[in-house]
Amino acid sequence: MASSSSCRLLGLASFVLLAAAAGATQYKVGGDNGWAVPAAAAESFNTWAEKTSFQIGDSLLFVYPKDKDSVLLVEPADYNACNTSSYDKQFDDGSTSFALDRAGAFFFISGVEANCRANEKLIVMVAGSGGAIAPAPAAQQGSGSPSPSTSAPAPSSGGAPVPPASPKAPAAKNSTAKGAPPAAGNDSNCAGAGGLAVAGLVASVAGCVAYASLAF
């Protein structure tokens with residue numbers, strides 16, 4: 001009886017895990033236009049991605065003519081340069097489903113260099129298990145942004161120049177309160193606990209199967 005109750009509990013736990021997996025979302029890149037060079041008045045791929053909250057477990061669907069285009073997963077430097085000769089993964093089946101299996105940034109470009117230079121490229125930022133998004137990598141940062149300038153002090157009414165104010169001391173790099181736990185540890189602890197829970201579930205299911213075989 002005890003083993004039968006354990007098996008029922010394991011079945012319930014399996015259902016909960018399956019329900020969580022079912023909450024993942026598949027996003028079609030480019031909508032009805034698919035993975036192609038965006039039209040002049042169309043929203044860019046990155047503008048769409050910035051407005052979308054991607055989570056671990058979600059997936060991207062790239063639809064394109066396989067005899068004319070492809071999808072490359074690349075490094076930031078190759079993304080910037082539209083370098084189609086260097087890539088981590090290449091997809092050319094015409095209907096590619098890509099799983100977002102980790103937090104952080106993913107860089108995609110068209111396998112046709114001219115298409116990439118015409119803005120057929122995409123950066124996807126995936127939030128971690130705690131909902132936090134990792135800092136944007138260098139490839140995503142805009143260049144040429146002016147840095148704030150310090151204006152010279154205006155002379156006083158008497159005409160004598162006002163001496164410049166002494167520069168402020170730089171702020172301490174670590175402003176975290178001593179008693180506050182680091183946020184990153186929470187994600188790693190959760191990941192470790194999740195792995196142990198799944199491993200325990202698999203072992204228990206195997207025990208139930210062995211028990212049922214002996215009973216019959």
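Everything numeric here is computed off the predicted structure, so don't read it as measured data.

> Would you explain the side chain of S59 in this entry?
You can see S59 is positioned in strand β3 (residues 59-63). The class for S59 is buried, based on a relative accessible area of 13%. The residues contacting S59, other than those within four sequence positions of it, are T25, Q26, Y27, S97, F98, A99 and L100.

> For this particular structure, what's the right way to read the sheet that holds β3?
Backbone hydrogen bonds are what pair the strands of a sheet, in a parallel or an antiparallel way. Read across the sheet, three strands follow the order β1-β3-β6 without closing on themselves; strand pairing throughout is mixed. Unpaired on one side and paired on the other, β1 (26-28) and β6 (95-99) mark the two borders of the sheet. Here the average twist between neighbouring strands, direction ignored, is 25°. Summarising the sheet, β3 and β6 pair through five bridges and their orientation is antiparallel. Across the sheet, the residue bridging to S59 is A99, located in β6.

> Please clarify how the side chain of K121 should be interpreted in this entry.
By secondary structure assignment, the location of K121 is in strand β8 (residues 121-127). Despite being buried, K121 has no salt bridge partner; E113 is the closest side chain of opposite charge, sitting 10 Å away. One polar contact links the side chain of K121 to the main-chain carbonyl oxygen of Y79, over a distance of 3.0 Å.

Calculation notes
Residues numbered from 1 in each chain as written. Predicted model: local features only at pLDDT ≥ 70, side-chain atom pairs only at ≥ 80, totals over all residues. Heavy atoms only, no water. Helix = DSSP H or I, 4+ residues; strand = E, 2+ residues; numbered from the N terminus. Buried < 20%, exposed > 50% of the residue type's maximum accessible area, 1.4 Å probe, protein only. Contact = heavy atoms within 4.5 Å. Pairing = 2+ DSSP bridges. Axes fitted to C-alpha atoms, helices over the stretch in contact; angles between N-to-C directions. Lys, Arg positive; Asp, Glu negative; His and termini not counted. Salt bridge = Lys/Arg side-chain N within 4 Å of Asp/Glu carboxyl O. Polar contact = N/O pair within 3.5 Å; in protein donor to acceptor, adjacent residues only side chain to side chain.

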